[in-house]
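Residues per chain are reported as follows:
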Amino acid sequence: MGKDSKVDDSENAAEKSEEKNKYGEPAKFDPTFNGPIKNRGCTDVICCILFIIFFLGMGVVGYWGYKEGDPTVLIYPSDSEGNLCGYGNFVNKPNLFFFDLLKCTNVAQNVAVGCPTTQICVSSCPTTYWTWVPSYLQELASLSGDKYRDGMICDYATQDILLTTTKSIKELVEGGNCASYYVKSDAVVGRCVPSAISTLINSASGLLSDAGNTTLVAADNTTVTGDALSAASKVLAYILNAKEYGEKILADVRASWWMILVGLGISCVIAFIWIIIMRWIAGVIVWFTIFAFIALFSFSTYYTLSRYFEMKNNSSASLNSVTDIEFTTNLDYYWNLSTTWLVFGIISATILGLSILILLFLRNRIRIAIALIKEASRAVGNMMFTLLWPIIPFFLQVVLFGFWGATALYLASSDKKKYASSSGNLTSNVTAADSSNLVTTFAASCAADYTNSTLGQFCGFVGYDVQEYTIYLQFYMLFMLFWVMNFIIALGQLTLAGAFASYYWAFSKPQDIPAFPVTASLWRSLRYHLGSIAFGSLIIAIIQIIRVILEYVDNKLKGSENQVAKFFLKCLKCCFWCLEKFMKFLNKNAYILIAVYGKNFCTSAKNAFFLIMRNIVRVVVIDKVADFLLLIAKLVVVAATTILAFFFFSGQVPIQVINGYVPSLHYYLIPVMIISLGSYVIAAAFFSVYGMGVDTLFLCFLEDCERHDGSAEKPYYMNKDLMGILGKKNKLESTEGDKKGKKG
């Protein structure tokens, strides 16, 4: 150990002298420094002011959207006059009926003017089948045609005078005042959608017929086919099935909600216990995994090369050259070639050799990583409130997301009514952006008689026109969602970093740990460093909004043949993804140094980057070992709670008393999946605290190594395990081996 430590010391000294100018000066000893400094000032004030202005702007946009928008227009269907079915004066008519659903099959036209057929609100959807031709013929043969109009569905004005008007059924249908046909329908999210279409198809002609075997005919005298009507209602039929499944899932959640909460509580307990025992099992897990990995590839190398030497002398299994290989989908052919096993053997031997070399040269750094992970477990045990801290950022994120979602909904519903007339193609399109007189005139004419006398020409309300400024406001709100969300995450990281730094720089633990370290760190973050938090989160938000724009452009180019543009776009997407990952890593380490020294964001980011580069090998090893252990921990929590939930809700628990609490569910896997996802969120929250603790203690450890040398004037703050790994110790110790207070 002594020789290893001397070699490490000489290597470190050489590295430091060589990289001294390139990556800045190592930290110098400061006799007054003993943890996060108390005397600090406000940092990045301009960014703080900018964030406050933009945040207030977010509130202004929300207020404007609340004032101008009406989410009910997005929830309830609208008829051809712009009335909401199931709301206001039409509360007793919750369903929307389409006069001719076949007109809804033209997607391009629907985007422009909506479904170009008359739509009215009805109290219930049709429960039978009707077509206008037989009724019209019977009306012609009868002196009184009133009784043949009983089943007709007409617009509001015509329905009141249906039995008294002098117009014939043909005139009413061809004039668009009444529906030319209808079939048995179901109400799907407030729309009448044809059901059981297959039972109406005439086997000989393929046309739709009513119960009397009369072919259904539209207003323009075209026959109605089953394929056309199915195409018009296919999407809504999918929604019907989804709604049914959704209702069953909601019922299952209601029946098992308290059991789901119990399962999530169990996941909290398991995560807490795992963090506590990590100090004892971290080393076992890491070393077992490393040696199991080496053993696995040792066996793989032995087995593959043995197979190669066995098959090498077999003429049917060996090849004279690589060109003799035949390409086939039969994998057995490749398994029976000696060359295949030689390739596998070379790959296995290469990985094995690299693993052994890494283990030999990085064994001390792996031990440092394990020691820091154990120390993070001790820190959490001494500062239990750190485990409760994630609740606050999570609550703030939920509030933010709820506000953003509500504002987006109100903005989307602030668009103005759009009226249009159409005869196959859009001929008139008037919105509130035009002159008010034109809108009033057009809307009034449509409301008075929203179907022109020209056969098939539609005139009426077709939807809500998207205003250009609402698009910019939605973009602004999306950007602010990213900025504020990253701001909340950064506040959590800075607060935890300050608490864990207070733990590390306590010379005698736990006696010197300050009271309420989390609360004190939160106060310093809010009092002095909101500007730095806003600065770092702004950088991430800008990168994320650029990635959103690139995704939008990529979606627009999907049908394009410009392969060069697609290639450069994919390169940009990859680059910005990598940039976001790097900046998140750098920001987190910058926040750690901000929490300790109280400097601005740019200075802290530069110092953190240089500190990392001066110890790049240690950083890589610590990061990967910590990531591996945290992954194992998350898998343990999620797997344990999921298995328990599965056996409970499936009724397979071998305890009859417990099985008596199992509810009757449509899909017992629904609460299991909810518990599984919830336990992952809980495990991620718990171990994010743990990961932040490891990162903070690691940077403090690096600073400790540069600032101190273990002498009586400059003793180390690290624990004895870390000093033992480095082959160092503090010279100033009592006869009992306990550390005394530092001089100066």
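Residues numbered from 1 in each chain as written. Predicted model: local features only at pLDDT ≥ 70, side-chain atom pairs only at ≥ 80, totals over all residues. Heavy atoms only, no water.

Asks: Teacher, can you tell me more about the nonpolar core here?
Replies: A general feature of soluble globular proteins is that nonpolar side chains tend to end up buried together. Counting residues in hydrophobic clusters, the biggest one holds 120 residues, and the most contacted among them are I373, F687, Y690, F701 and M718. Looking at which element gives the most residues to this core, the answer is helix α15 (residues 468-504), with 20 residues. Judged by nonpolar contacts, the second largest core, of 26 residues, contains F97, F99, C121 and A179. (Core = buried A, V, L, I, M, F, W, Y, C linked by side-chain atoms within 4.5 Å. Buried < 20%, exposed > 50% of the residue type's maximum accessible area, 1.4 Å probe, protein only. Helix = DSSP H or I, 4+ residues; strand = E, 2+ residues; numbered from the N terminus.)

Asks: Whenever I open this one, the packing of aromatic side chains confuses me. Can you help?
Replies: Two numbers describe a pair of aromatic rings. These are the distance of the centres and the angle of the planes. Per the counting criterion, the structure on display carries 30 aromatic pairs. On the basis of an interplanar angle of 35° and a centroid distance of 5.3 Å, the ring pair of Y76 and Y87 is categorised as tilted. Of this pair, Y76 sits in the loop between α3 (72-75) and β1 (95-98) while Y87 is found in the loop between α3 and β1, placing the two residues 11 residues apart along the sequence. Y76 gets classed as partly exposed once you look at its relative accessible area, which sits at 28%. The exposure class of Y87 is partly exposed, given its relative accessible area of 39%. One aromatic cluster is present, built from ring pairs that chain together F51, F54, F55, Y476, F479, W483 and F487. Over the ring of Y503 we find K509, and its NZ or CZ is 5.6 Å from the ring centre. (Phe/Tyr/Trp six-rings, centres within 6.5 Å; stacked < 30°, edge-to-face > 60°. Lys NZ or Arg CZ within 6 Å of the ring centre and 35° of its normal.)

Asks: Sorry if this is basic, but what is going on with the pattern of salt bridges here?
Replies: A full pass over the atoms with the stated rule returns 11 salt bridges. Here E551 ties to K573 by a salt bridge, and the two come within 3.5 Å at their closest N and O atoms. Highlighted residues: E551 in helix α17 (residues 530-556) and K573 in helix α18 (residues 563-597), separated in sequence by 22 residues. With a shortest N-O distance of 3.9 Å, K624 and D623 are connected by a salt bridge. What makes K624 exposed here is its relative accessible area of 53%. When its relative accessible area of 24% is taken as the criterion, D623 is described as partly exposed. (Salt bridge = Lys/Arg side-chain N within 4 Å of Asp/Glu carboxyl O.)

The analysis is restricted to geometry; functional conclusions fall outside its scope.
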